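Chain by chain, the residues run as shown.
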Amino acid sequence: MSSSTRKMDQCDELVFFVNGRKVTDKCVDPEMTLLQYLRNKLHLPGSKQACGEGGCGACTVMLSNYDHQEKKILHQAINACYTPVCAVHGKAVTTVEGVGSSTKLHPVQERLSKVHGLQCGFCTPGMIMSMYALLRSNPKPLTKDIEGAIGGNLCRCTGYRPILEGFNTFASDGCCGNPGNCSAGAKDTDTECGFISADEFAPYDPSQEPIFPPELQLDDRYTSNTVHFIGKNVTWIRPVTLAELLHYKSEIPGSRLVVGNAEVVFEMRKHHTETLTLLSAGNVPELKRIEVSDDGIVFGASVTLTTLQQTLQNRVDQIPNHQARVYEALLDMLKHVGGAQIKNVAGIGSHIMTASSLSDIIPLLMAAKVKVKVQSKEGGCRVLTLDNSFFTGYRKTCLKENEILVNISIPTTKQREYVAGYKVKNQVHRNDKDVAIVNAGMRVLFEENSNQVQDIQLAFGGTGPTVVLATGIADKMTGREWNDELLENVLLWLNTEVSLSPDGGMVQYRRSLLLSFFFKFYLKVLEGLKVESRFTKTVPDLYKSALEGIADGPKIGTQIFRAVSDDQPSIDPIGRPVVVESSNQLVTGEAVFCDDIPPEPEELHIAFVMSKKAHAKIINIDYTEALTLDGVQTVITAKDVPGSNEFGWSSIVDEEVFAAVEVTHVGQPIAGIVAKTFDLARKAATLVKVDYEDLEAIITIEDAIRKDSYFHDPKRIKYGALENEFELCDNIIEGELYTGAQIHFYMETQSCIAKPQEGDEMIVIGGSQDMMGLQKQVAGALGVSLNKVTCKVRHVGGAFGGKLFRNFGPMCACAVAAKLTGKPVRMNLPRQDDMQMMGARHSCKVSYKVGCLSSGHLRAMKAQFYLNGGNTVDASPLVLDRVLGQIHNAYKVPVFDMKAWACKTNVQSRTPMRAFGRVQPLAIMETIMDQVADKCGLPTEHVREINLYKEGDVDNLLQDLPDINNLSRCWDTCMEKSEFQTRRKDVDLFNSKNRWRKRGLAVVPQKIHTGLPAHSLNQGAALVHIYTDGSVLLSHGGVDLGQGLHTKTIQIASRVLRIPSERIHISETSTDKVPNTTFTAASSSTDLYGPAVKIACETLMERLQPFINKKPEGKWEEWVSDAYFDRVSLSTTGFFRYPKKLLFNPDNLEETCVNYYFSYGAACCEVEIDCLTGDHKLLRTDIVLDAGDSINPAVDIGQIEGAFIQGYGNFVLEEMRYSKQGKLLTRGPGTYYVPRVSDIPCQFNVTLLQGAACDVGVYSSKTVSEPPVMCGTAVLMAIRNAVMSARSDSGLTGFFRLDTPATPERIRLACVDQFTDKSKECSELDDSFFATRP
């Protein structure tokens, strides 16, 4: 029967195995991804939905299949969110639930837990599965294999170092690549280095792993038979012969080929195509075949990128070097093409046929003159060359409708042939038009015994809608000698003859890359000619740095902290590196996050109709088409909100649950569609038609300044006679700086479940940092009192401030939907919607004027700060307060005048993000310190040191500094442990010998005040129950977001109650247990809730003390039992309020009190930059932080490492860009660069300052969650230092402006040279599709 006439009831049965259990489905929906199937149908929630595009690895599972031809089992990690469930027919899937359990951990899980390699734990199951799959395929991996295996997994919390440390214990070359020199677990009398030694791990025995399902191994019918899976909109056909595939391709017009991945499925969902037939080509032998010969390798189109890599590497090891040059170039490029999960399923043919202009592989294939074989049923075979005629337009090729790509032939290279590929490795801006960064593939062949060009191919991606060969330039080069004259000619031709589309912006940068890439290739070939043909022309030693990539190596590090005293009782956990309290549940996937909660009967889902305009009146909304979809229950708008549709976190009420009359940013919710499934709700939302009347939109800070658009009058602090002080200064410097916004990118997107109860009660479960605030806003939207709303949460997959206020609106909408329908309603924002709808860190523009003495001492400063606050006020006033309080950082400036404005614009509201209001002024102040050093002709570290606050000083808010000596101690310790002076000489020597790679070294101090900025917020409460069996249930008002709050409060309770931590349990945070809670933010939670727990437990111990006195030799259970039978309450609350009144009064600094205590630190970073591309590598980081007497060194050091990497992302890597129309273009990991494991320092050392007990903190501890974010400025300053060296080589001296983030574009253009000059002269008008950095 023809596939086109098959009916749904004639669908084949889907068969696969999950965790050893056979799964069959006669009515599978081909639209379903494996992740949806696992979570929704098999109820295995360990695999997480985080990005939906295969870019974060949270959904990683292991796919195993038996190759009946090779007679072997293959294990590979894949992204379940990117794999159609139909693609696993006849295969075995292992999820984290099938690896181990909390009562019987697998060695992978145990080791990650014991080395503290998790915080919020949302990404942990994906990490576990990536490592597990590697071990199943390679039980003795190298450290580089392990780093590659988790290269496709993102973690926003840990900074990756402990994850690598745990997994590297499986490495055959040692946990740090050096088994003979490991300091883990080393200890002296006062300090410890590392948290655990390798002998504490259970051994790994590969023979004890579960067996592959025998049914799949013994019977090939699941892989050798054609199958059809037919759904309502999508038909999936898996043919098993080439003839059959060609038949279906001919018979079914519009059918599309897939090889394991689901790009076409996601495209279909995006555009809501009604019907589609997918032809799975993964089981066609001819398309999987690999043929190796002396002339080259023929790869079937279905060969995966992983297999391509392995085959190329094997061939490189077998043949002479000159023959393998194209293979080596491809291997180098493949290292940076997606994570392992993507490469394990993506076919090389699919990669070519997507015809992406941004492909990193296609330019190399075109340069190598790769041949492809295409075939159709009617027309037979054709052999084509990958050239300009193959790619005919955006995402289009010259293949006919019924033709398919069968194989590609990659030739070997000849003796006088050179090949190279180039790309920028630290930048990702894959926008909606798929045009952004340039990449290149280049090949040249010379006449025999000559440097005369016989043939040359130059291919470029990212210049326009297709990858292009510069054929005109190649023709001019043919017959020419390879010399400096040719180089100058080619640079001119590239400038004038290769057009760059303005779409994507960055035109000068992209133009400079064209020139830089060819310059690199020119030098590479010149060096090769010298070796092979003995030509006298050589590459100057200074220029040889352009021939090599930036050095990388195994990731190593040390963690130094104070050891507990020998006389401390063993059950007392304070000061010990205790693992996270729910660690076993997190590593096994048993921890239940919001969207992991099993659905209730008749549960509904809500999706949002979001504004497509930045600023407009809503004229009309047409829901007709959406409501016709079967399963759509209702539409909810502003008029349906039973209580108030308006709300606000502060006294200003300027937020709406649903936009009623006017929209003020792209992504603002206009309505909610409630349906039986999430996919249906989302599809219906796209069918809603909204008519707008455009209003003027303000997107950038500059727009706001021009339009005088502010939320309020500026805030201002001033001290002293500024103009008089300027007159006394030896030097005056002035400047401007821009610091960019940053997205929180918590791994778990905004999620919520609202459950209506009797009597107008509502239970709201969701990842909020402000449970009382959420309770208040939901009650207001429902029109009920607070006692009718209970908000609760257990696990939150990261937050960083992004779940503080911005989620009130969508969570209120979810609750309103539940109330109106009378049924539970679930809300889970897709990543792209989350990033467009939710908030971000404030960007900032500042102009400053600073006066100093010739000695480098600061005397006076004037500055004006403009922060982009977005469309609502949110917490912008608090952020301004923090900016004004932080601007001097650790430096004394006697006289100053500072003003700060919050700009009102039409982008999504800006909101607190980790270290809010601190990172912007720190980048600015450290830039000023560099500028002062340059003006005075002094070393930057000297200028920083002489300006540090000293004993007896007060800071810029006139706050006393009682433990200010800790600042200089952090500085001195950092200078010593980083070996700064020695390395300064080494860096200078390196720079003197290298023109095109430069190193930079910088050390930066920090001082921040801690505490919440309102008197009423500085309170915390706890509730403690002791049960008659001696177990303890602890509740407090804080939310554990991965920062270890629950772990630390359990440690505190354990010490006071003098019982093991294992006897104490925290179930959740809930407003019906601890009311009127202070939000969890600003690194204040342990300082508030820790003392509350301590007070509660002390109260209980006072009640138990008489019974302890009666039976001093008794046991805890006896004392508890005796108290119970004596009718003594074993339950109590604890309440703590900070004794001082915290207040920020800019008009009267004398009465200002803004902190519990000060936190100090210092960080030293060394970087290496590629001056020709703007790429960089962080070589080493040393951090010294004052954490007081740490309650848990493992938690605190984990916070330091994770916060530093997040700060590094803010200052260097992460960039938000918008279109002119206010649409966020950087949504999801494919467009927004979140730091990856490859980005962390090669050497990462963290030291907790010794002997720094804090009189104010609980058990003398200090906060650590926020301060280390600011350590990331050291990377920025090190990059500046490296760029200074490059500019010096170009004859440029003096200070230069470097905005943040210091992306490759900014680094490259700051390294001014002949290539940037040429590109500036010839750059087209930048129409800036990436219009703004708001």
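What you are looking at is a predicted structure, and each value in this text was computed from that prediction instead of being measured.

### A look at helix α17 (residues 484-497)
Think of an α-helix as turning once every 3.6 residues; residues three or four places apart then point the same way.
Part 1 of the argument: Relative to the 20 Å expected for 14 residues at 1.5 Å per residue, α17 spans 20 Å between its end C-alpha atoms, a close match to the ideal helical length.
Part 2 of the argument: For α17, the set of buried residues is Leu486, Leu487, Val490, Leu491, Trp493, Leu494 and Asn495.

### Quick look at the packing of helix α35 (residues 1193-1213) against helix α36 (residues 1273-1289)
Part 1 of the argument: Look at α35 against α36: their axes get within 7 Å of each other, and the N-to-C directions meet at 45°. It follows that α35 is oblique to α36 by the angle criterion. Note on element contacts: α36 touches α35 through Thr1273, Val1275, Leu1276 and Ile1279, opposite Phe1204, Tyr1208, Phe1211 and Val1212.
Part 2 of the argument: Of the residues assigned to the contact of α35 with α36, the class counts are 7 nonpolar, 1 polar and no charged.

### Focus: the packing of helix α32 (residues 1045-1057) against helix α33 (residues 1085-1110)
Two quantities define a packed helix pair, namely the angle between the helix axes and the distance between the axes.
Part 1 of the argument: Two elements in contact, α32 and α33, have axes separated by 9 Å at closest approach and are oriented at 30°. The orientation of α32 with respect to α33, classified from their angle, is roughly parallel. The element α32 and its partner α33 pack so that their crossing is right-handed. Here Leu1045, Lys1048, Thr1049, Ile1052, Ala1053, Val1056 and Leu1057 of α32 come into contact with α33, specifically with Ser1085, Thr1086, Tyr1089, Gly1090, Val1093, Lys1094, Cys1097, Glu1098 and Met1101.
Part 2 of the argument: Across the contact of α32 with α33, the residue classes break down as 9 nonpolar, 4 polar and 3 charged.

### Remarks on the packing of aromatic side chains
Part 1 of the argument: With the rule as written, the count across this model stands at 29 aromatic pairs.
Part 2 of the argument: Between the aromatic rings of Phe519 and Tyr543, the centroid separation amounts to 5.9 Å while the plane-to-plane angle is 75°, which identifies the pairing as edge-to-face. Of the two residues, Phe519 sits in helix α18 (residues 507-533) while Tyr543 sits in the loop between α18 and β23 (556-562), which places them 24 residues apart along the sequence.
Part 3 of the argument: Residue classification places Tyr543 among the partly exposed positions, given a relative accessible area of 26%.

### Structural notes on the sheet that holds strand β44 (residues 1064-1065)
Part 1 of the argument: Read from one edge to the other, the open sheet built from 4 strands follows the order β44-β43-β42-β46, with strand pairing classed as mixed. Every other strand in the sheet has two partners, leaving β44 and β46 (1131-1137) as the edge strands with one partner each.
Part 2 of the argument: Where strand β43 (residues 1032-1036) meets β44, 2 bridges bridge the pair, whose relative direction is parallel. The residue of β44 that forms the bridge with Val1032 is Ile1064.
Part 3 of the argument: Most of the contacts of α33 go to β46, to which it runs at about 140°, and overall it touches β42 (1019-1026), β43 and β46.

### Some words on the environment of Thr304
Part 1 of the argument: As for its placement among the helices and strands, Thr304 is situated in the loop between β13 (296-300) and α11 (305-316).
Part 2 of the argument: In the structure, Thr304 is positioned 300 residues away from Leu604 in sequence and 39 Å away in space, judged by C-alpha atoms.
Part 3 of the argument: Contacts of Thr304, omitting those with residues within four sequence positions, involve Lys343, Asn344, Val345, Ala346 and Gly347.

### Observations regarding the sheet that holds strand β20 (residues 439-446)
Part 1 of the argument: Read across the sheet, 4 strands follow the order β19-β20-β21-β22 without closing on themselves; strand pairing throughout is antiparallel. What marks the edges here is a single partner per strand, and that holds for β19 (417-422) and β22 (468-469).
Part 2 of the argument: In this sheet, β22 lies alongside strand β21 (residues 453-461) in antiparallel orientation, the contact comprising 2 bridges. Residue pairing for β22: Phe460 is matched across the bridge by Val468.
Part 3 of the argument: Lying on the sheet, helix α12 (residues 325-334) is in contact with β19 and β20; it crosses β19 at an angle near 10°.

Calculation rules
Residues numbered from 1 in each chain as written. Predicted model: local features only at pLDDT ≥ 70, side-chain atom pairs only at ≥ 80, totals over all residues. Heavy atoms only, no water. Helix = DSSP H or I, 4+ residues; strand = E, 2+ residues; numbered from the N terminus. Expected span 1.5 Å × (residues − 1). Buried < 20%, exposed > 50% of the residue type's maximum accessible area, 1.4 Å probe, protein only. Axes fitted to C-alpha atoms, helices over the stretch in contact; angles between N-to-C directions. Parallel < 35°, antiparallel > 145°, perpendicular 65-115°, else oblique. Contact = heavy atoms within 4.5 Å. Nonpolar A, V, L, I, M, F, W, Y, C, P; charged D, E, K, R; others polar. Left-handed = near helix turned anticlockwise from the far one by under 90°. Phe/Tyr/Trp six-rings, centres within 6.5 Å; stacked < 30°, edge-to-face > 60°. Pairing = 2+ DSSP bridges.

Just distances and angles here, no functional claims.
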